[in-house]
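Remarks on the overall topology
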Amino acid sequence: MKKRILSVLLCTTMVASMLAGCGSAAEAPAAAPAAEAKEEAKEEAPAAETKEEAPAAEASEEEQITITIWHQSVADTDPVKKIIEASVDEYHELHPNITIEQDGVEGEQYKTKIKTAFAAGEAPDLSYMWAGSFVKPFVDAGYLLPIDDYMNPDVKAKVLPGMLAGSTFDGKVYSYPTITFLADLYCNKEQFDAAGAKIPETWDELLDAIDKLKAAGYNPIMMGEKDLWPGMYWMDIISQRCAGNAGVEAAFGDPTKFNSPEFVEAATRLQELVQAGGFNENYLSTSYTEMVEGFCAGQGAMLYQANWVHPAIMDDAAATKGKVVCVPFPEIPGTKGNKSEFSGGSSDGYYVNAATEHPKEVVEYLEYLSEKIGTLGFQMGAGLACWDTSSTDLSALTSLDQESAALMEQGTSYIGWWDNVLSAEDSDTYKQLVAEVMAMKITPEEYAEKMSKLSPSEFY
Amino acid sequence: MNKILSNKKAITVFMAPAMLIIVVIVLVPIVISLYYSLLKWDGIGKATFIGIENYINLFGDERFIASVKNSLLYVVLSLFIQLPLSLLLAIVVSNTKKLEKFYVTVFFIPVIISSVVIGQLWQKVYNGDYGLLNVLLRSLGYSGHDWLGDEKTALMCSFIPNLWQYIGYHMLIMYAGIKSISTDISEAAKIDGANRFQTAMRITIPILKPIIQVCVTFSLIGALKIFDLIFVLTGGGPFQSTEVPTIYMYKTTFDQMHYGYGSAISTFVIIECFLFTAILRFIFKNREDA
């Protein structure tokens, strides 16, 4: 009898462990196409070498190339998702010998996946990378290919001035920009009007608006601090207002400067908002997605985010459609910062795997895709232009897109999201500290003191 | 048949595939991660060998120690809340006359559902605005609470779905055990005048001891390895109050990009599991001898 029980148990455990195994194995198939593609490519590589001189037309008949691309555009409202998916067929029509395989994974998971893939040598030909401190370790490790030698001068000329700087490391260009982002304050005009509040231009007006909105029964600001970075955006911009972009840049280079009255004031201001009851009640357990959805459903009158939230705000199903205006973050009188200084301005892009078998073809696709996202993405409201859009029809731009683009033109100075500027470890520390400031767990002085212990950023 | 099974070569041949799988899937990664734990490495660039420095840092790391404490608390809850409940359910269900199989299936359902789905489900239960729990409380006249957003309640609230999910699993194992007890014994007890409670305490549970030992081991190891549900529910927050070693490992490895340090934590979890299993076996063995 005992034996029978044992065998039942053994079977149960076996099934259980097999099920558990499935969880971790699930990622393997996703990586498999990349590996397969590479193997295919390897086999064909000798053939390509001998035919290098042959005309392109002949090569296209002979050589079948598969290019793999991984990205993080998965939201259905994200125009970039549509552009990438459409490019698969379009590009195959233009170049019948080239097949594009695309795979998208949600942001935080993507970060894990791409790191593992590069470490395991299974990374795709093209991969999405966040600017700054995310992509830099990959460049330093030699995983990515400088594309200077492959760039088409005609295409390069269409990139707006200065926009290649973000993807240039040690004088070598690694990628094209796509679209760029700017963080603005989004105000639900309908709720502001109903509460008799003024769209804030200064800090006092912001506090006044919070009071009025609260009195009228509205939640003033939507916040999703479960994911930590939405709160970081607030601290980023308040710090930039208090110290000025120049002051913040100086502190990135020498973090001891974080321990100064400007940054103490920034933390004090953020706590002021919390004490005024500015944020939604459950902001600590609200995620980024819930925050944006909440704002679009009218659960908050203000949202400070980058312009990638436009498609969600202007969606036909959103309660906010046509009711939202975007303005620069309010100025704080008596401080060094001003309205023309912004958070954002960096462009994420797609980077070429140094181990790719077809660098020329991959860069050609990269040029095609980057320009498509740069122009079409701008046209569809996914972000702001990094490319010459003079020949693009911009009549479909929403009022928000136009306002945001106008703000960008006023901008004199930009600082990327701080977690792209600080190292991975320091970013984590900074985001945790911001959450602690917001929950009143540490004083502004303690915050400034802890920030001064970060390591200098590699970018300033 | 016996002849084949006593042939050493045959045993080797039959064992080889299983051994190969275990070596490749279990042992090799453990050894590799052991090696990684001796490195200072961001997972992408160059790695430097630093010996046991990661481990030294680990035991001075308050955040890590707090996370170990959290997981030990969960171990205690698993052993003293989850298992007794499972046992109770198993006994009750096995005594049910009608719909016995139906109840077994119902209690087993949470085990089948993916942890991520359960996480989403409970997130909606705990939600501060429209969560089931708060709606219920408000309808009773109490004020709501941000269950997962408050440090004081987040830890307990993230443990409860875990406890709930695996009750069915342990119940099924115990139920199978109870069903395999010969009815002669309980009938004899009935004739001797034992009531149901006495039958359960004096007959069922003592006979079930080997099964309970297995459940204790599973429950303990499962509690030490807990990750997915907490990750979905709170992601370790707010303010690291729901962090357990596995979540801290994920964060150090992938968010802070300290691959070596993360590997040191995973090695710690492995050793911790081995150690606890060994202690359990020792305890059970001693009791059997006594």
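Shown above is the structure to which this text applies.
Below or above, wherever it landed, is the structure these notes cover.

Cut-offs applied
- Starting from 1, residues in each chain are numbered consecutively following that chain's sequence as written.
- Lettering of chains starts at A and numbering of ligands starts at 1, both following the order in which they are written.
- Confidence filtering applies because this is a predicted model: local features only for residues at pLDDT of at least 70, side-chain atom pairs given and counted only at 80 or more, and all residues used for totals across whole chains, interfaces and linings.
- Based on all heavy atoms of the structure, the side-chain values leave hydrogens and waters out of the count.
- Put simply, DSSP marks the helices as runs of H or I at least four residues long and the strands as runs of E at least two long, and each gets a number from the N terminus on.
- For every residue, the accessible area (1.4 Å probe, protein chains only) is compared with the maximum for its type, and the residue is labelled buried under 20%, exposed over 50%, or partly exposed between those bounds.
- By definition in these notes, contact holds between two residues if any of their heavy atoms fall within 4.5 Å.
- Think of it this way: DSSP has to see at least two bridges between two strands before they count as a pair.
- Only the stretch in contact is used when a helix axis is fitted, and all axes are lines through C-alpha atoms; the angle between N-to-C directions ranges over 0 to 180 degrees.
- Each aromatic pair joins two rings of Phe, Tyr and Trp (for Trp, the six-membered one) with centres within 6.5 Å, and gets the label stacked for planes under 30 degrees apart, edge-to-face for over 60, and tilted for any other angle.
- For a ring to carry a charge above it, either NZ of a lysine or CZ of an arginine must fall within 6 Å of the ring centroid while also lying within 35 degrees of the normal to the ring plane.
- The quantity reported as buried area is the accessible area (1.4 Å probe) lost by two parts once they are put together, taken as the sum for both.
- When a carboxyl oxygen of Asp or Glu lies within 4 Å of a side-chain nitrogen of Lys or Arg, that pair is called a salt bridge.
- Contacts described as polar in this section are N or O atom pairs within 3.5 Å, which, within protein, must combine one atom able to donate a hydrogen with one able to accept it, while residues neighboring in sequence count only if both atoms come from side chains.
- Under the scheme applied, nonpolar residues are Ala, Val, Leu, Ile, Met, Phe, Trp, Tyr, Cys and Pro; charged residues are Asp, Glu, Lys and Arg; polar residues are all the others, including Gly.

When its secondary structure is counted, chain A shows 18 helices and 12 strands. When burial is assessed residue by residue, chain A has 55% of its 460 residues classed as buried. Counting contacts in chain A only where the partners sit at least 6 residues apart, residues at least 24 apart contribute 77% of the total.

Bridge analysis of strand 1 (residues 65–71) of chain A against strand 2 (residues 98–104) of chain A gives seven bridges, and the strand direction is parallel. Bridge assignment links Ile-67 of chain A to a residue of strand 2 of chain A, and that residue is Ile-100 of chain A.

A separate point is the sheet that holds strand 10 (residues 349–352) of chain A. Residues and elements named next belong to chain A. Strand order in the open sheet formed by four strands is 2-1-3-10, and the pairing between neighbours is mixed. Each edge of the open sheet carries a strand with a single partner, namely strand 2 and strand 10. Each strand of the sheet is rotated relative to its neighbour by a mean of 25°, with strand direction disregarded. Here strand 3 (residues 126–129) runs beside strand 10; their pairing, made up of four bridges, is antiparallel. Paired with Tyr-128 across the two strands is Tyr-350, which belongs to strand 10.

Right, let's get into the packing of aromatic side chains. Residue and element names in this part refer to chain A. Within this structure, the stated rule accounts for 50 aromatic pairs over all chains. Both rings, one in Tyr-91 and one in Tyr-365, keep their centres 4.9 Å apart while their planes meet at 65°; by these two values the pair is edge-to-face. Placement of Tyr-91 in helix 4 (residues 79–94) and of Tyr-365 in helix 14 (residues 359–379) is noted, with a sequence separation of 274 residues between them. Judged by its relative accessible area of 2%, Tyr-91 is buried. On the basis of an interplanar angle of 55° and a centroid distance of 6.4 Å, the ring pair of Tyr-233 and Trp-308 is categorised as tilted. With a gap of 75 residues between them, Tyr-233 in helix 10 (residues 229–253) and Trp-308 in the loop between strand 7 (302–306) and helix 13 (310–313) connect regions that are remote in the sequence. By relative accessible area, Tyr-233 is classed as buried at 4%. Among the aromatic residues, those joined into a cluster by ring pairs are Tyr-110, Phe-118, Tyr-128, Trp-130, Phe-134, Phe-138, Tyr-143 and Tyr-350. The aromatic ring of Trp-130 is capped on one face by Lys-111, whose charged end is 4.9 Å from the ring centroid. One Lys or Arg, Lys-113, reaches over the ring of Trp-70 and ends 4.4 Å from the middle of that ring.

Of the residues lining the interface, 35 residues belong to chain B; the matching set on chain A comes to 30 residues. Both faces considered, chain B and chain A share a buried interface measuring about 2700 Å² in area, 59% of it formed by carbon and sulfur atoms. When the area that chain B buries against chain A is broken down by residue, the three leading residues are Ile-44, Phe-239 and Phe-254 of chain B, summing to 25%. If you look at where chain B meets chain A, you find two salt bridges. Between Glu-151 of chain B and Lys-441 of chain A there is a salt bridge; the shortest N-O distance is 2.8 Å. Linking chain B with chain A are 10 residue pairs in polar contact (both at pLDDT 80 or more). Contributing elements (two or more residues each) for the side of chain B that touches chain A: helix 8 (151–179), helix 11 (209–225), helix 12 (228–233) and helix 13 (245–255) of chain B. Classifying every residue of the side of chain B that touches chain A gives 16 nonpolar, 12 polar and seven charged.

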